[in-house]
Amino acid sequence: MSENNRLRDVYDAIADPTRRRLIRLLAEAEELPLHELTAQFQMGRTAVSKHLTILKEAGLVLDRKVGRETRFKLNASPLQEIQDWVAFYSKFWSMNMLRLNQLLEEEEE
């Protein structure tokens, strides 16, 4: 699935703390089966699967069948969109703070 054909918005997908934790767990491992991910939460397998489906729809998670189990892997490339958004506003605030400092310095003179 290309990034233009994602079924779900990346911002929506990472809005939930459980999904952010799933992303973190997958980032720390090459690949994890569903039962190992489920063991990290106080919720059932179905609930964890629903969260993984949302991440998958956003392109953040890839899955593959190995025998009877499904293994999940992080695809971090859609997070670049968020990184770009944060970088823009980081630059925005840095520039505004610089202008504010310049104004304060001019007032002190």
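These remarks concern the structure in this document. (Residues numbered from 1 in each chain as written. Predicted model: local features only at pLDDT ≥ 70, side-chain atom pairs only at ≥ 80, totals over all residues. Heavy atoms only, no water.)

Once that is clear, we can look at the sheet that holds strand E1 (residues 32-33). Read across the sheet, three strands follow the order E1-E3-E2 without closing on themselves; strand pairing throughout is antiparallel. In the strand order of this sheet, the two ends are held by E1 and strand E2 (61-66), each with one partner. Sheet topology note: the E1/strand E3 (residues 69-74) ladder contains two bridges and is antiparallel. The residue bridging Leu 32 from the neighbouring strand is Phe 72, located in E3. Most of the contacts of helix H2 (residues 17-27) go to E3, to which it runs at about 90°, and overall it touches E1, E2 and E3. (Pairing = 2+ DSSP bridges. Helix = DSSP H or I, 4+ residues; strand = E, 2+ residues; numbered from the N terminus. Contact = heavy atoms within 4.5 Å. Axes fitted to C-alpha atoms, helices over the stretch in contact; angles between N-to-C directions.)

Looking along a regular strand, one sees the side chains alternate between the two faces of the sheet. In terms of strand pairing, E2 meets E3 through six bridges, oriented antiparallel. The residue of E3 that forms the bridge with Asp 63 is Phe 72. Once E2 ends, the chain turns through two residues before running back antiparallel as E3, passing Gly 67 with a positive phi of about 65°.

A separate point is a nonpolar patch on the surface. On the surface, Trp 85, Val 86, Phe 88, Tyr 89, Phe 92 and Trp 93 cluster together to form a nonpolar patch covering roughly 670 Å² of accessible area. With respect to the helices and strands, Val 86 occurs in helix H5 (residues 79-108). (Patch = residues over 30% accessible without salt bridge, like charges linked within 9 Å, V, L, I, M, F, W, Y side chains within 5 Å. Areas by Shrake-Rupley, 256 points an atom, 1.4 Å probe, with all protein chains shown as cover. Salt bridge = Lys/Arg side-chain N within 4 Å of Asp/Glu carboxyl O.)

The next thing to look at is helix H4 (residues 45-57). Helix length check: H4 (13 residues) gives 18 Å between terminal C-alpha atoms against 18 Å at 1.5 Å per residue, within 8%. Elements that come into contact with the buried residues of H4 comprise helix H1 (10-14), H2, helix H3 (34-38), E2 and E3. Where H4 terminates, the next one or two residues include Gly 59, which has phi positive at roughly 85°. (Expected span 1.5 Å × (residues − 1).)

A few words now on the nonpolar core. By size, the foremost hydrophobic cluster in this structure holds 21 residues, and its most contacted members are Leu 26, Leu 37, Leu 52 and Leu 60. Of all the secondary-structure elements, those providing two or more residues to this core are H1, H2, H3, H4 and E3. Residues contacting Leu 60, with those up to four places away along its chain left out, are Val 10, Ala 13, Ile 14, Ile 23, Leu 55, Lys 73, Leu 74, Asn 75, Pro 78 and Leu 79. (Core = buried A, V, L, I, M, F, W, Y, C linked by side-chain atoms within 4.5 Å. Buried < 20%, exposed > 50% of the residue type's maximum accessible area, 1.4 Å probe, protein only.)

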